[in-house]
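# Reading the structure
The primary structure of each chain is shown beneath.
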Amino acid sequence: MPPKKFSKILLAGLAPDGGLAMPEAYPRISAAQMEELRGLGYRELAFEIISRFVDDIPAADLRDIIARTYTPELFRSEEIAPLRTLEPGLHILGLSNGPTLAFKDIAMQLLGNLFEYALAKTGEDLNILGATSGDTGPSAEYAMRGKHGVRVFMLSPQGKMSHFQTAQMFSLQDPNIFNIAIRGVFDDCQDIVKAVSNDYTFKQKYRIGTVNSINWARILAQIVYYFKGYFAATRSNTEQVSFAVPSGNFGNICAGHVARMMGLPIRRLILATNENEVLAEFFRTGCYRPRVAAETLQTSSPSMDISKASNFERFIFDLTGRDTAKVKELWRAVDKGAAFDLAGTPLWEKVKDFGFVSGTSNHAARIATIRKIHEQYGVLVDPHTADGLKAGLEHREADVQLICLETALPVKFSESIIEAIGHEPARPAGYENLESLPQRYVVMNADTDAVKAFIAEQA
Ligand SMILES: *Cc1c(COP(=O)(O)O)cnc(C)c1O
């Protein structure tokens, strides 16, 4: 599609043929600029990174949006993403101190403020329709609650999320947040979102938008903490670091890839999956074989139970040297549910140049990692972060600092924590009575027309 301004991409997301939006070029950070960035606090750093990709928001406004987003009140730390050192050369980057205790808040909170700003400018409003199996829903609702011009309709499978996650969403009483519990499974919710999104007339009439991780602005917000983690772990910009990233839809690690393309000295991007190892398999073998829903296992790191990584297309775009025809050809196969195999082709040889390696985990390894990190360092990690640590430690190199990204806090997954260490994780202040708060939601059958009628009634 012809290039569009940042705000258009923010609100519309996809190209007309379903392709993802990418910046025309990555801004390179020079050595002199790296020196300047090193001394900055999180908000200043975020402005310096994000403003390089934003072409239609005045600098003062963007600064204000960022300053209102990354506050110590919301993220319970002046540092926003504090680095914790387990031992020399081994660190955890704390990304889960936002309101829903998962790293998705870092991008979603910015998205909420950007949406409100962009909509106020055009005088439009937006109805966000989403489906969640756990972390996306709470994160989106906490980011959009009370925002002018935005309503959220969030579908979730009734009774299938943890009590903590359910309570996070259903306890919100804001009039612009609508929780819809669907009698069905997550895939039913996802199918309804797809069906509504494919109804072009309805979508136009009711201005339906999404907040899923293919939104470029979410990737953009996540680039910042790779820089933050790098500066916190190193003394000079000649050092290299490796990042270990618990992965599902390839959003988080895609931001790391962009940071590396901008010139951040990242040696390795260590991609971790759980038992659903479609991405780890690609980086091991060159074959990308998305699985269908029925082949997707339910695991104890549920936010990584993904078998078709919606952001992966972004990496392949860069891998092919930004050859849109080639990407289209490969995704024609993916969209039909088929695999593509790069093994033995020149493209597979090029994958090495991008720094990716991969590792997988499973329930036993996850529990063992949680226990080991707790015993050795007195630090409690959640099951997703544990999967990242496992793959990270397998690929750790003697002279390279390793930064493992923390993607959620243990309190969200107390069952696995009890299994690993024998007692419940501590609750952060303010979350003590979450499950006993009054809940606000409606229940519906897995029926697209019923959901459409509900949206039409509220919008
Ligand atoms: C969403 C999520 C992931 C996966 O991140 P992607 O950006 O989809 O790769 C990992 N861990 C947790 C806790 C999450 O919520």
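Heads up: the structure comes first, above all this text.
Note that the coordinates shown come from a computational prediction; the quantities given were computed from them, not determined experimentally.

Judged by nonpolar contacts, the single largest core of 103 residues is most densely connected at Tyr226, Phe227, Phe250, Phe282, Phe312 and Ile316. Ignoring sequence-local partners within four residues, the contact set of Tyr226 consists of Phe243, Val245, Asn252, Ile253, Ala255, Gly256, Ala259, Leu264, Ile266, Leu269 and Leu405. Counting 20 residues, the second largest nonpolar core, distinct from the first, contains Ala272, Ile373, Val381 and Cys404.

Among the 15 residues in the neighbourhood of the ligand, the closest are listed as Lys104, Asp135, Gly248, Asn249 and Asn252. One of the side-chain N or O atoms of Asp135 is found 2.7 Å from an oxygen atom in the ligand. Look at the ligand: alone it shows 380 Å² of surface, and the protein chains cover 96% of it.

This brings us to helix 14 (residues 312–319). A large share of helix 14 lies buried, amounting to eight of its eight residues. The complete set of buried residues in helix 14 reads Phe312, Glu313, Arg314, Phe315, Ile316, Phe317, Asp318 and Leu319. Just downstream of helix 14 lies Gly321, where phi reads positive at about 70°.

With that settled, consider the packing of aromatic side chains. Using the criterion set out here, one finds 31 aromatic pairs in the structure. Relative to Phe178, the ring of Phe153 has its centre 4.9 Å away and its plane inclined at 10°; by these criteria the two rings are stacked. Of this pair, Phe153 sits in strand 4 (residues 150–157) while Phe178 sits in strand 5 (residues 177–183), and the two are 25 residues apart along the sequence. Comparing Phe153 with Phe178, the two get one shared label, buried. Centroid distance Phe282 to Phe283: 5.0 Å. Interplanar angle 85°. Geometry classified as edge-to-face. Here Phe282 and Phe283 have matching classes, each one buried. What links up through ring pairs into an aromatic cluster is the set Phe250, Phe282, Phe283, Tyr288, Phe312, Phe315, Trp331, Phe340, Trp348, Phe354 and Phe356. Just above the ring of Tyr142 sits the side chain of Arg145; from NZ or CZ to the centre is 5.4 Å. Over the aromatic face of Tyr26 sits the side chain of Arg322, whose NZ or CZ is 5.0 Å from the ring centroid.

About the thresholds
Residues numbered from 1 in each chain as written. Predicted model: local features only at pLDDT ≥ 70, side-chain atom pairs only at ≥ 80, totals over all residues. Heavy atoms only, no water. Core = buried A, V, L, I, M, F, W, Y, C linked by side-chain atoms within 4.5 Å. Buried < 20%, exposed > 50% of the residue type's maximum accessible area, 1.4 Å probe, protein only. Contact = heavy atoms within 4.5 Å. Near = heavy atom within 4 Å. Polar contact = N/O pair within 3.5 Å; in protein donor to acceptor, adjacent residues only side chain to side chain. Areas by Shrake-Rupley, 256 points an atom, 1.4 Å probe, with all protein chains shown as cover. Helix = DSSP H or I, 4+ residues; strand = E, 2+ residues; numbered from the N terminus. Phe/Tyr/Trp six-rings, centres within 6.5 Å; stacked < 30°, edge-to-face > 60°. Lys NZ or Arg CZ within 6 Å of the ring centre and 35° of its normal.

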